[in-house]
Amino acid sequence: MSRPSYPLPDVLRVLAELVAWIAFPWAMGRISLWLAFAALLLLIGLPAVLATPGDNGKTNVLVPIPGWGTILLVLMELGAAVAGAWLVMPAWAAVGVTLLALACVATEQPRWRRLTARA
């Protein structure tokens, strides 16, 4: 049985999303539990509902959006990861998350070109 391959951009994006889903609601929870809930709803709910048909093999999407919308969703997740990291993590960890986000932006470029070429 062969092992599945996970392209580097997908792995980096998933890691950054996990950080965003934990760190940003945690930071918002210091202000208000309602803000923490709203952050989770935006960070997990929006990408679950909105998607670009054909991106990463998605054919059946709840609410189709153009490619630039998917790019904005990824940038929202990366921004939340970096902001959350700097608000709740030690500086060395926040630097690591910032580097992760920058690496994610760099490796996402081919996908983003495909997404914007469809417009």
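Anything mentioned here points back to the structure above.
Here we summarise the structure given alongside this text. (Residues numbered from 1 in each chain as written. Predicted model: local features only at pLDDT ≥ 70, side-chain atom pairs only at ≥ 80, totals over all residues. Heavy atoms only, no water.)

**What to know about the nonpolar core**
Then, number 1: Ranked by internal contacts, the top residues of the largest apolar core, which has 13 residues, are Val19, Ala20, Ala81 and Val97.
Then, number 2: It is helix H1 (residues 8-29) that provides the largest number of residues to this core, a total of five residues.
Then, number 3: Ala16, Ile71, Leu100 and Cys104 belong to the second largest nonpolar core, which has ten residues in total. (Core = buried A, V, L, I, M, F, W, Y, C linked by side-chain atoms within 4.5 Å. Buried < 20%, exposed > 50% of the residue type's maximum accessible area, 1.4 Å probe, protein only. Helix = DSSP H or I, 4+ residues; strand = E, 2+ residues; numbered from the N terminus.)

**Some words on the packing of H1 against helix H2 (residues 33-49)**
Then, number 1: Where H1 meets H2, the closest approach of the two axes is 7 Å, and the angle between their N-to-C directions is 155°. The angle between H1 and H2 falls in the class roughly antiparallel. As H1 runs across H2, the sense of the crossing is right-handed. Residues Ala20, Trp21, Phe24, Pro25, Met28 and Gly29 of H1 pack against Leu33, Leu35, Ala36, Ala39, Leu40, Leu43 and Ile44 of H2.
Then, number 2: Class assignment of the residues belonging to the contact of H1 with H2 gives a composition of twelve nonpolar, one polar and no charged. (Axes fitted to C-alpha atoms, helices over the stretch in contact; angles between N-to-C directions. Parallel < 35°, antiparallel > 145°, perpendicular 65-115°, else oblique. Left-handed = near helix turned anticlockwise from the far one by under 90°. Contact = heavy atoms within 4.5 Å. Nonpolar A, V, L, I, M, F, W, Y, C, P; charged D, E, K, R; others polar.)

**Section: the packing of helix H3 (residues 67-88) against helix H4 (residues 91-107)**
Then, number 1: Contact geometry of H3 with H4 gives a least axis separation of 8 Å together with a crossing angle of 165°. Of the possible angle classes, the one that applies to H3 and H4 is roughly antiparallel. Of the two possible hands of crossing, H3 and H4 adopt the one that is left-handed. Within the contact between the two elements, H3 uses Leu75, Leu78, Ala81, Val82, Ala85 and Trp86 and H4 uses Ala91, Ala94, Val95, Val97, Thr98, Ala101, Cys104 and Val105.
Then, number 2: Split by residue class, the contact of H3 with H4 holds 13 nonpolar, one polar and no charged.

**Let's talk about the pattern of salt bridges**
Then, number 1: One pass over the full model with this rule turns up four salt bridges.
Then, number 2: One salt bridge in this structure joins Arg111 and Asp55, with 2.5 Å as the shortest N-O distance. Highlighted residues: Arg111 in helix H5 (residues 109-117) and Asp55 in the loop between strand S1 (50-51) and strand S2 (63-64), separated in sequence by 56 residues. When sorted by exposure, Arg111 lands in the same class as Asp55, which is buried.
Then, number 3: Glu108 serves as the salt-bridge partner of Arg111, at 2.8 Å between the closest nitrogen and oxygen. Just as Arg111 is buried, Glu108 falls in that class too. (Salt bridge = Lys/Arg side-chain N within 4 Å of Asp/Glu carboxyl O.)

The analysis is restricted to geometry; functional conclusions fall outside its scope.
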